[in-house]
Amino acid sequence: MAQAVPRPQNHRPQFTLNTDGHPHPRENALVGVTVLLGAIAFVTSFFHNLHILTSWTGLIGVITGLIGLFVSATTAERFAVVIGTGAAAFGLFLGVAHGGLFGGVW
């Protein structure tokens, strides 16, 4: 008869982007950069005078997000990259609407 193996009482599932069990340092770095740039672009998009910072971080965040989406290996990585890319695109659009990448110089 099969015996059930008791689970340890203090076991918690750990957060990981590597759900397939293999390390993905390049993909995880792209996820981190995209989420960080997306958060900066999203937060600074609400301040009209920070439109240059918002535009550039949004543009770089969208580019790294698309590269990260292209090379991602797991669903968890794709999920985080899509959220970060969306936030970066939101910041890019509002930054361009408030004055653009060069601040009205061109």
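This is a predicted model, so every value here is computed, not measured.

Scoring rules and cut-offs
Residues numbered from 1 in each chain as written. Predicted model: local features only at pLDDT ≥ 70, side-chain atom pairs only at ≥ 80, totals over all residues. Heavy atoms only, no water. Helix = DSSP H or I, 4+ residues; strand = E, 2+ residues; numbered from the N terminus. Buried < 20%, exposed > 50% of the residue type's maximum accessible area, 1.4 Å probe, protein only. Contact = heavy atoms within 4.5 Å. Phe/Tyr/Trp six-rings, centres within 6.5 Å; stacked < 30°, edge-to-face > 60°. Expected span 1.5 Å × (residues − 1).

Draft legend 1. Seen up close, the environment of Gly 68. Following the sequence through the fold, Gly 68 ends up in helix H2 (residues 51–71). For Gly 68, a relative accessible area of 4% puts it in the buried group. Setting aside residues up to four positions removed in sequence, Gly 68 forms contacts with Leu 30 and Val 81.

Draft legend 2. Representation of the packing of aromatic side chains within the structure. Under the definition given, this model contains four aromatic pairs. Judged by centre distance (5.3 Å) and plane angle (90°), the rings of Phe 42 and Phe 46 are edge-to-face. Aromatic side chains Trp 56 and Phe 102 sit 5.8 Å apart centroid to centroid with 80° between the ring planes, which places their arrangement in the edge-to-face category. Taken together, the positions of Trp 56 in helix H2 and Phe 102 in the segment after helix H3 (75–98) put the pair 46 residues apart, joining distant regions of the chain. Under the relative-accessibility criterion, Trp 56 is labelled partly exposed at 34%.

Draft legend 3. Just helix H1 (residues 25–44), in detail. Taking 1.5 Å as the rise per residue, H1 with 20 residues should run 28 Å; its terminal C-alpha atoms sit 28 Å apart, in good agreement. Among all positions in H1, only Glu 27, Leu 30, Val 31, Thr 34, Leu 37, Gly 38, Ala 41 and Thr 44 are buried. Of the surrounding elements, those touching the buried residues of H1 are H2 and H3.

Honestly, that's just the spatial picture; any functional story needs more than this.
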